[in-house]
Amino acid sequence: MSEKDQEWTENIFKGIFNDKPFEELSLKDLGTVAKVFADVSPNATERTFAGLQRGPDGTFNDDDLAAILHAATEHPGGAFRGRGTPPVLRLVEIMGIEQSRAWGVCTMNEFRVPWPQRERLVACMATSTTSNSM
């Protein structure tokens, strides 16, 4: 995620959660986000973004779209790394962890386990998945 993307996401979340600190948001707060997106028109031709306005024919100005694409390539996302998730995406990270546990899939750290130990890890995960589903 680029710094510009992070800034945009932070501004959106600040508006949705009334400046509540990102570290204090919980999975229960995600219902608020769902309500916001429920208000978005299902008709894509009525939607706008990034402050752009549609012309009389319903399209966006090509120069405005090109400027957004140019800015996006000028601000590439950061590299994947441990502990690299910005605070604003903490809930997204938690949701990913919860979903992976529900599916019984491994994390990046578990995936890097040396091959001789992997069989033991797979057996352990299968046991924990079975006990969690009861």
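Moving on to the overall build of the chain. When helices and strands are tallied, the chain shows six helices and zero strands. In the chain, the succession of helices and strands from N to C terminus is α-α-α-α-α-α. Counting over 134 residues, the chain shows a buried share of 15%. Pairs at least 24 apart in sequence give 42% of the contacts found in the chain among residues at least 6 apart. A total accessible area of about 10600 Å² is found for the chain, and carbon and sulfur atoms account for 57% of it.

Residue pairs spaced three or four apart in an α-helix point in one direction, given the helix's 3.6 residues per turn. The terminal C-alpha atoms of helix α3 (residues 62–74), which comprises 13 residues, lie 18 Å apart, in line with the 18 Å expected from a rise of 1.5 Å per residue. Taking the backbone nitrogen of Asp63 as reference, a side-chain oxygen 2.6 Å away marks Asn61 as the first, capping residue of α3.

Turning our eyes to something else, we now look at the packing of aromatic side chains. For the structure shown, the criterion picks out two aromatic pairs. Arranged with centres 5.5 Å apart and planes meeting at 65°, the rings of Phe13 and Phe17 form a pair that is edge-to-face. The same class applies to Phe13 as to Phe17, namely buried. Ring centres of Phe49 and Phe60 lie 5.2 Å apart, and the angle between their planes is 75°; this geometry places the pair in the edge-to-face category. One end of the pair, Phe49, is in the loop between α2 (30–38) and α3; the other, Phe60, is in the loop between α2 and α3, with 11 residues separating them in the sequence. We classify Phe49 as partly exposed; its relative accessible area is 40%.

Its place among the elements puts Ile97 in helix α4 (residues 90–103). As for Ile97 and Thr107, which are separated by 10 residues in sequence, their C-alpha atoms are 8.1 Å apart.

The residue Pro87 is located in the loop between α3 and α4 in this model. With 77 residues separating them in the primary sequence, Pro87 and Glu10 have C-alpha atoms 8.9 Å apart. With residues up to four places along the chain from it excluded, the contact list for Pro87 reads Phe22 and Glu23.

Moving on to the side chain of Ser2. By the secondary structure assignment, Ser2 is in the segment before α1 (3–16). Here Ser2 falls in the buried class, since its relative accessible area comes to 2%. If we skip the residues at most four places from it in the chain, Ser2 touches His75, Pro76, Gly77 and Gly78.

For the rest of this paragraph, the subject is the confidence of the model for the chain. The predicted model of the chain averages 80 in pLDDT, with 78% of residues at 70 or higher. Confidence scores differ between elements of the chain, with helix α6 (residues 115–132) showing the lowest mean pLDDT of 62 and α3 the highest of 90.

Basis of the calculations
Residues numbered from 1 in each chain as written. Predicted model: local features only at pLDDT ≥ 70, side-chain atom pairs only at ≥ 80, totals over all residues. Heavy atoms only, no water. Helix = DSSP H or I, 4+ residues; strand = E, 2+ residues; numbered from the N terminus. Buried < 20%, exposed > 50% of the residue type's maximum accessible area, 1.4 Å probe, protein only. Contact = heavy atoms within 4.5 Å. Areas by Shrake-Rupley, 256 points an atom, 1.4 Å probe, with all protein chains shown as cover. Expected span 1.5 Å × (residues − 1). Polar contact = N/O pair within 3.5 Å; in protein donor to acceptor, adjacent residues only side chain to side chain. Phe/Tyr/Trp six-rings, centres within 6.5 Å; stacked < 30°, edge-to-face > 60°. pLDDT = per-residue confidence, 0-100.

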